[in-house]
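Listed below, chain by chain, are the residues.
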Amino acid sequence: GTTNVGGKLDASAPNSEDGGFIETSAKNVKINDEAVITTAAPKGKTGTWLIDPYDFTIAASGGDVTGAALTTALASSSVTIQTLSGSVSCTGVTCGSGNSSGNGDIFVNDNITWSQNTLTLNAYRNIEINSELFGSGTAQLSLLYGQGAVALGNTAIYDVNAPVNLPAGNNFSTKLGSNGTTVSYYVITNLGADGSRTGTDLQGIQGFLARNYALGGNIDATETSGWDTGKGFSPLGNTAGMNVFTGQFDGLGHSITNLTINRPSQNGVGLFGYISPASILRNVGLLGGSVSGYYHVGGLVGGNEAGTIMNAYSTGSVTGGGYSVGGPGVLRRWEK
């Protein structure tokens, strides 16, 4: 049936120890805006509120919870939304009519703002983010999708159709499939400096090419036009088959604007010079700017050694003196 959540659910630990655990379960779970849910622990670890229905929609109206209600809850608890299979197997009880509905999807159609604790979206099938998320401070986001099946052959997806803002650091992770491996991303929010190899900003990715990265906000790269005596940004990964980017990169719906790379005699030129077969780049836009190189040249990626690019685009100018030059769109072999 349906669980309607209102009033106050309190599993906090105001005096000592860690916060507790609250679970609200049903085929449909509806959260009232006036509900108060807390697992706060000022002297220990904050607890968790688990919501586990079939499908679940976060919306300003007509959904199962508003973004405002989740914003309030995240101030004092980590929140996990976990959808179940739409086809229920009942053991030892009588299943009522209408128990088979929903696909186990999660839809984010309203803004959520939080500055601490973890928001976990755990979907039996797909996750669709259609409204902007605003994470700051120590906020973290975890996306688990396709949890109704093992990872091998799993076709579930998470769609980022609106920006996801997160603070810099190890604050974003994903997992595909019930037995899949958690992919942890380092969130970057700054361009960095000329020659940076820190692994904590965009240019600094060059120093740690095997890590996974996500963009926590838009990055203005205008100042790269004056870097390295006019050569501009140094491509991430610059030697085919050797010094290539081997990690994953998720732009989380953000863009990099006015990037300049001016290396007409260099091979493997783009934001990413070369990416490996294991690399996945997604959900990022490269807006304006200019990229020039010789061989294997593109806006987002110069040389692609069979890596995967999803929901990505480039609108700046791309020129090269050799062949295999990408256009101003999404490069040679893929499209949005």
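The structure presented is a predicted model; accordingly, all values stated were derived computationally and were not measured. (Residues numbered from 1 in each chain as written. Predicted model: local features only at pLDDT ≥ 70, side-chain atom pairs only at ≥ 80, totals over all residues. Heavy atoms only, no water.)

### What about the overall build of the protein chain?
Along the protein chain, the regular secondary structure elements total one helix and 28 strands. Here the protein chain holds 336 residues, and the buried ones make up 51% of them. Taking contacts inside the protein chain between residues at least 6 apart in sequence as the whole, the part at least 24 apart equals 69%. Total accessible area on the protein chain is roughly 13,900 Å²; 48% of this is exposed by carbon and sulfur atoms. (Helix = DSSP H or I, 4+ residues; strand = E, 2+ residues; numbered from the N terminus. Buried < 20%, exposed > 50% of the residue type's maximum accessible area, 1.4 Å probe, protein only. Contact = heavy atoms within 4.5 Å. Areas by Shrake-Rupley, 256 points an atom, 1.4 Å probe, with all protein chains shown as cover.)

### Looking at the pattern of salt bridges
Within this structure, the stated rule accounts for four salt bridges. Here D10 ties to K8 by a salt bridge, and the two come within 3.8 Å at their closest N and O atoms. Residue classification places D10 among the partly exposed residues on the basis of a relative accessible area of 45%. Taking the shortest distance from any N to any O, the salt bridge between D64 and K30 comes out at 2.8 Å. Here D64, found in the loop between strand 7 (56-59) and helix 1 (67-74), pairs with K30, found in strand 4 (residues 28-31); they are 34 residues apart in sequence, far enough to count as distant. For D64, a relative accessible area of 11% translates into the label buried. Judged by relative accessible area, K30 falls into the partly exposed class, the value being 32%. (Salt bridge = Lys/Arg side-chain N within 4 Å of Asp/Glu carboxyl O.)

### Brief notes about the sheet that holds strand 28 (residues 317-320)
Sheet strands line up and pair through hydrogen bonds in the backbone, either parallel or antiparallel. If you trace the three strands from one edge of the open sheet to the other, you get 22-25-28, paired in parallel fashion. Taken across any chain shown, the strands that pair with only one partner, and hence form the sheet edges, are strand 22 (260-262) and strand 28. On average, each strand axis in the sheet is inclined to that of its neighbour by 15 degrees, with strand direction left out of account. Sheet analysis places strand 22 next to strand 25 (residues 290-293), joined by three bridges and oriented parallel. Along strand 25, the bridge assignment pairs I261 with V291. (Pairing = 2+ DSSP bridges. Axes fitted to C-alpha atoms, helices over the stretch in contact; angles between N-to-C directions.)

### A closer look at the nonpolar core
In terms of nonpolar packing, the biggest core is built from 44 residues, with V79, I81, I112, W114, L141 and F172 touching the most fellow members. In this structure L141 touches W114, L119, L133, V164, L166, N171, F172 and S173, once residues within four positions along its chain are discounted. By size, the runner-up hydrophobic cluster in this structure holds 32 residues, among which are L191, F249, V269 and L281. (Core = buried A, V, L, I, M, F, W, Y, C linked by side-chain atoms within 4.5 Å.)

### Focus: unusual backbone geometry
Positive phi, close to 70 degrees, is recorded for N117, a residue that is not glycine. Position of N117 among the secondary structure elements: in the loop between strand 10 (112-114) and strand 11 (118-122). N117 sits in the buried class, given a relative accessible area of 13%. Positive phi, close to 75 degrees, is recorded for A306, a residue that is not glycine. Relative accessible area serves as the criterion here: at 57%, A306 is assigned to the exposed category.

### Side note on helix 1
Residues G67, A69, L70, A73 and L74 constitute the buried set of helix 1. In a view along the axis of helix 1, the buried residues occupy a sector of 160 degrees, so they form one face of it. (Arc of directions from axis to C-beta.)

### Section: the pairing of strand 8 (residues 78-82)
Most of strand 8 is tucked away, with four of its five residues classed as buried. As defined by bridge partners, strand 6 (residues 48-52) adjoins strand 8 across four bridges and the pair is classed as parallel. Across the sheet, W49 pairs through a bridge with V79, a residue of strand 8. As paired strands, strand 8 and strand 11 are joined by four bridges and run parallel to one another. Note that in strand 11 the partner of T80 across the bridge is T120.

### Focus on the environment of E128
Tracing the sequence through the fold places E128 in strand 12 (residues 127-129). For E128, a relative accessible area of 28% gives the class partly exposed. C-alpha of E128 to C-alpha of A162: the two residues are 34 residues apart in sequence and 9.5 Å apart in space. Sequence-distant contacts of E128, that is, excluding residues within four places in its chain, are made with I106, F107, V108, D159 and N161.

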